[in-house]
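Residue-level structural notes
What follows is each chain in one-letter form.
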Amino acid sequence: MKIELPDLSLVCLVGASGSGKSTFAAKYFRSTEVLSSDAFRGWVADDEADQSATEDAFEALFHLAGVRLKRGRLTVIDATHTRREDRAKAVALARAHHAIPVAIVLAPPADVCLERHAGREDRRFSTRVVRNQHRDVLRSLKHLRREGFRHTWVLKEPETIDAATIARVP
Ligand code: CTP
Ligand code: MG
């Protein structure tokens, strides 16, 4: 799949924990383009897993995303985006800066996410959380355009995710 991204996009990665968002972001984008909710939790609370820091982390993340968009820099938000409210905030931010809101959905089979989850030390939540996120992602698919995402790319097979290419277009 050849993913075309307008130069000034705000890209929301959408996917359950273990779907491969951070791996995808590291492969296809510059590190400075990627704002990850985990990293921001770390910056505001010295603990990437501290869920109590989520609100502050997103405040800081959105601030930086806004500054980048104002300067015309493509920006990627690496967060699950499983909840409609979270996606809506990103769409609103993009619009405020005349950027194009883009969703790239990573939805490999739940078993793939769960298998990866099982192999990680840095994810303390239960498998049920991952299952629910996976379900929410699939349910969100038919709403993304109406929520305001101008382009939506949905990658469901691990092979498709691995083989994707990204082209930036004016
Ligand atoms: N992984 C893998 N093969 C892939 C993608 C990911 O083996 N094609 C592994 C990663 O090395 C990592 C785990 O699966 O150990 C989860 O991938 P990650 O990209 O971190 O998933 P995220 O979607 O970012 O998960 P989270 O929301 O928990 O940050
Ligand atoms: Mg991640």
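Residues numbered from 1 in each chain as written. Chains lettered and ligands numbered in written order. Predicted model: local features only at pLDDT ≥ 70, side-chain atom pairs only at ≥ 80, totals over all residues. Heavy atoms only, no water.

**As for the site of ligand 1**
Of all residues adjacent to ligand 1, which total 13 residues, the nearest are Ser 17, Lys 21, Ser 22, Thr 23 and Arg 123. For ligand 1, an oxygen atom lies 3.4 Å from a polar atom in the backbone of Ser 19. Take Arg 120: an N or O atom from its side chain is 3.1 Å from an oxygen atom of ligand 1. Considering every element that reaches the shell around ligand 1, the biggest residue donor is helix α1 (residues 21–28), with three residues. Across the shell around ligand 1, the residue classes break down as one nonpolar, six polar and six charged. (Near = heavy atom within 4 Å. Polar contact = N/O pair within 3.5 Å; in protein donor to acceptor, adjacent residues only side chain to side chain. Helix = DSSP H or I, 4+ residues; strand = E, 2+ residues; numbered from the N terminus. Nonpolar A, V, L, I, M, F, W, Y, C, P; charged D, E, K, R; others polar.)

**A word on the pattern of salt bridges**
Per the counting criterion, the structure on display carries 11 salt bridges. For Arg 83, the salt bridge identified is with Glu 85, shortest N-O distance 3.5 Å. Where Arg 83 meets Asp 86, a salt bridge forms, and the shortest distance between an N and an O atom there is 3.0 Å. Classification of Arg 83 by relative accessible area gives partly exposed; the value is 42%. When salt bridges with common partners are traced through the structure, they connect Asp 38, Arg 41, Arg 120, Asp 122 and Arg 123 into a single cluster. (Salt bridge = Lys/Arg side-chain N within 4 Å of Asp/Glu carboxyl O. Buried < 20%, exposed > 50% of the residue type's maximum accessible area, 1.4 Å probe, protein only.)

What is shown is where atoms sit, not what they do.
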